[in-house]
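Below are the chains, spelled out letter by letter.
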Amino acid sequence: MKSYLSTITLLTVCWIILSCGHTQKVKIEAGVSHELAIQRKAILSDIHYKLSFHIPTSVKENVTGSEDISFTLKEKEDLQIDFQGLIRNNILVNGKEIKTVHQDEHLLIPGEELKEGHNIISISFVSLDASLNRNDNYLYTLFVPDHARSVFPCFDQPDLKATYNLTLTLPKEWTAISNGSLEKEEELTLNSDSTALTHKKMIFRTSDLLPTYLFSFTAGGFKEKTEQKDGRDITILYRETDPDKVAQLPIVFNQIALSLKWLEDYTGIPYPFQKYGCVVLPGYQFGGMEHPGCIQFRDATIFLGKNATPDEEFNRLQLIAHETSHMWFGDLVTMKWFDDVWTKEVFANFMADKVAKEQFPHVNYDLNFIKTHYIPALATDRTEGTHPIQQELANLNQAGLLYGNIIYHKAPVMMRKLEEKMGSEYLKEGLRIYLKKYANDNSTWDNLIEILDSVRADADIITFDREWVKGKGVKSIEWSLDDGLPNADGSDYARYLLKDSDEVARYIKLFESQSPDPQKRLAFAMNLYENFLAHRASCEQAYDALWKLKDEKNEQVLSVSSSFLLNVLGYFPEKERIIKEKELLQAAHDHPIASYRLALWRWLTTSALSEEVNQKIKEMWAGEQLPFLNERNHMSMAYHLAISFPEQWEEIIHKQRERLTSDDRRKEFDFVSRACNPDQDVQQALFNSLLQAENRTIEPYAAGMLSLLNNYRREPFNNRFIRPGLDILEEVQRTGDIFFPLDWCNALLGGHKSKEAKAEVERFLKEHPNYPTSLKNKLLQAAFTLLNRE
């Protein structure tokens, strides 16, 4: 270690000496700073990556690669190339070998080794595994927001778009997909290490301009299906083996084609990339990711189980439309810097809602918009962890913390208000101007605001932007019923809080004396729930009023009211909760609406405390698989039963494993189910293992295990996990993908209800007054229910 550090120090000194005469304008630091991004954008253009990767058969062997980065340099300056992996040989700059200086995740190229105009830098390297998402017989890359630099040396910032040639040397039985078209597939020439006996080459070329976070490839043991829709080939790779699920592919193809046609019509721009392809992945950590030509989807959202609910059907279309919308909003026109990442997400959601409105005409669109966006937006905006839609970002290594309900759900609420303010045709006109002006380029939200303001100057878009985009939080309005029913149709984005429980009782009685439309019934449930969380309504008041809504006929209202009902139930003392669980079990059997029965079954089979209820669930589970629950529901039920009946945990887990039909689901089950072991020494060891980054590589599995270890039945023992789980949160953020810090916090804290657990979180916050703001926000969002308990 000493000699290695000495070598690095010597090389750094050499680099500084070689750079003498050139002012080093940008500090060398880990990540990609905004300062560095601005400097490189000013001097670089015409970037092309010629990449080759060798993917070994065994995941224990490193993925290696080589590349030529070519670019035009405006002026000779010292250049930083982003890379977190290992360099195999010295770097070639325009054919000349130079010493490799690798410092703070950057390769340092002295300006005097470069030339104004065309340059080529050649590098051989070893990739890090995390963003390759390697499994035994497949892998997929996921580089958003700044993880391309962990796999290959690059300029890892969104406003340096490039073209790519990609050669993959991979096992012969594998297939692959990337952004570009497959140019050729060829056998290898036999060589001394006999690689040709096991591997082949696939060569892809793309002429599309893409930032590094949108470059991607997936390779492995996949099935492939291609259909032609409207004269365009659409290809889907998948690993699903259940014939009933695979039979859903025609629906997926149709929804892709419908989304493409709608977006072409709305934007006035034909599909802007070489091809449309996608991959459906098990254990995927996002809902989807918009890589042009090789979109990635989570399998559980695309392949639905038997008796899928209307919400699940609707969500599948919304996901497909969301990722397809990104082809125009985010991919064709990309944000200049990740502080505007929300712009691509707001338009993807906004357009997906419009697509879904046409494809599900029987769905009440206004009602669904409130359900889909208002409710999750308020779930974050009411907490102390809220933030503006538009956030500041100094370094891309913090960009993942910008994601969440505010950009995915409050931003679409803002867009709908903006559309109402401007008029839908004026907004469409502004967006078409924006897309054409910045096509294959980068822009900012403020660029769009300037265009919209020019299209509709009398709408005062600037003031609107300041209030909705740059401000934070949701208004809390103290309200008296003497002034009328609060937010009667739910369209106002605000919390209307009544004086006390007596005023709430008046509100409930007043509501019950009327026959409002479905949107007003939804608004009633929302207003009541907000007053409950603000401690204006008691548990009993809120639960009883929401329980009466079980007779609701509208499935959207019923879905929301049941969600609120079950959340309120979590606040009850155990004795009272157990009584109500018996009522829920009866309703799960005989309620006339299937989606409501399913919601109750899913909750009871993962959360019931009542020994009597759990015994009945176990008896049903021990027989045949319940036809109204899918395989993943049965996995969750087995976890719950194994924890509820610790003396039978091994029998339960073994039986459920035998029922699983997919190797991928067995892999997940084997990882997560270990947390059902009642031995506290084992639980401690499993928790300790999650503190090591290598055991968190498949993040949904890790979150699933952590959630079981922190199951509410295991308090107070598992309170000891809270502090070390919070202490490692910054490392979780550094080593994980964009949604994982919040997922980690939710899994760590979601099962806790005790005063001791609440005190542990409060103590952590008090002892860390200067904790990174964005990460603290995630913690406060996840801890809201625990901290809100009285």
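Each remark here, short or long, concerns the structure printed above.
What you see is a predicted model; the values in this text were computed from it and never measured.

A. Representation of the packing of aromatic side chains. Here the structure, examined in full by the defined rule, presents 49 aromatic pairs. Between the aromatic rings of Phe53 and Phe125, the centroid separation amounts to 5.8 Å while the plane-to-plane angle is 70 degrees, which identifies the pairing as edge-to-face. Placement of the pair is Phe53 in strand E1 (residues 44-54) and Phe125 in strand E9 (residues 117-126), with a sequence separation of 72 residues. Residue classification places Phe125 among the buried residues on the basis of a relative accessible area of 0%. Ring geometry for Tyr365 and Phe369: centres 6.4 Å apart, planes at 55 degrees, overall tilted. With Tyr365 and Phe369 both in helix H8 (residues 365-381) and four residues apart, the pair spans about one turn of that helix. Take Tyr365 and Phe369: they sit in the same class, and that class is buried. In this structure an aromatic cluster arises from ring pairing among Tyr49, Phe53, Phe83, Phe125, Phe143, Phe152, Tyr164, Phe215 and Phe217. Note that Arg456 overlies the ring of Tyr426, its terminal NZ or CZ placed 5.0 Å from the centroid. Between Lys618 and the ring centre of Phe645, over which it is positioned, the NZ or CZ distance is 4.9 Å.

B. Seen up close, the packing of helix H13 (residues 501-512) against helix H14 (residues 518-533). Between H13 and H14, the least distance of the axes is 12 Å, while the angle of their chain directions is 170 degrees. As far as their axial angle goes, H14 and H13 are roughly antiparallel. When H13 is examined against H14, the residues Val504, Tyr507, Ile508 and Phe511 are found in contact with a partner set consisting of Lys520, Arg521, Ala523, Phe524, Asn527, Leu528 and Asn531. Split by residue class, the contact of H13 with H14 holds seven nonpolar, two polar and two charged.

C. Seen up close, the side chain of Arg134. For Arg134, the location among the structural elements is in the loop between E9 and strand E10 (138-140). With a relative accessible area of 15%, Arg134 lands in the buried category. A polar contact is formed between the side chain of Arg134 and the backbone oxygen of Glu61, at a distance of 2.7 Å. Beyond its immediate sequence surroundings of up to four residues, Arg134 is in contact with Pro56, Ser58, Val59, Glu61, Asn62, Val63, Asp129 and Leu139.

D. Focus on the sheet that holds strand E18 (residues 276-281). Here we have five strands laid out as an open sheet, ordered E16-E17-E18-E20-E19, and mixed in their pairing. Edge positions in the sheet fall to strand E16 (223-229) and strand E19 (288-289), since each of these pairs with one other strand and no more. Both E19 and strand E20 (residues 295-298) contribute to a ladder of two bridges, which runs antiparallel. Paired with Met289 across the strands is Gln296, a residue of E20. Contacts from helix H4 (residues 249-267) reach E16, strand E17 (232-238) and E18 within the one sheet, and its direction differs from that of E17 by about 135 degrees.

E. Main features of the environment of Val469. One can find Val469 in the loop between helix H12 (461-468) and strand E23 (475-478). Along the backbone, Val469 and Pro388 are 81 residues apart, and their C-alpha atoms lie at a distance of 6.3 Å. In this structure, Val469 is in contact with Trp342, Pro388, Ile389, Gln390, Met414, Trp445 and Phe464, ignoring residues within four places of it in sequence.

Thresholds applied
- Residues numbered from 1 in each chain as written.
- Predicted model: local features only at pLDDT ≥ 70, side-chain atom pairs only at ≥ 80, totals over all residues.
- Heavy atoms only, no water.
- Phe/Tyr/Trp six-rings, centres within 6.5 Å; stacked < 30°, edge-to-face > 60°.
- Helix = DSSP H or I, 4+ residues; strand = E, 2+ residues; numbered from the N terminus.
- Buried < 20%, exposed > 50% of the residue type's maximum accessible area, 1.4 Å probe, protein only.
- Lys NZ or Arg CZ within 6 Å of the ring centre and 35° of its normal.
- Axes fitted to C-alpha atoms, helices over the stretch in contact; angles between N-to-C directions.
- Parallel < 35°, antiparallel > 145°, perpendicular 65-115°, else oblique.
- Contact = heavy atoms within 4.5 Å.
- Nonpolar A, V, L, I, M, F, W, Y, C, P; charged D, E, K, R; others polar.
- Polar contact = N/O pair within 3.5 Å; in protein donor to acceptor, adjacent residues only side chain to side chain.
- Pairing = 2+ DSSP bridges.

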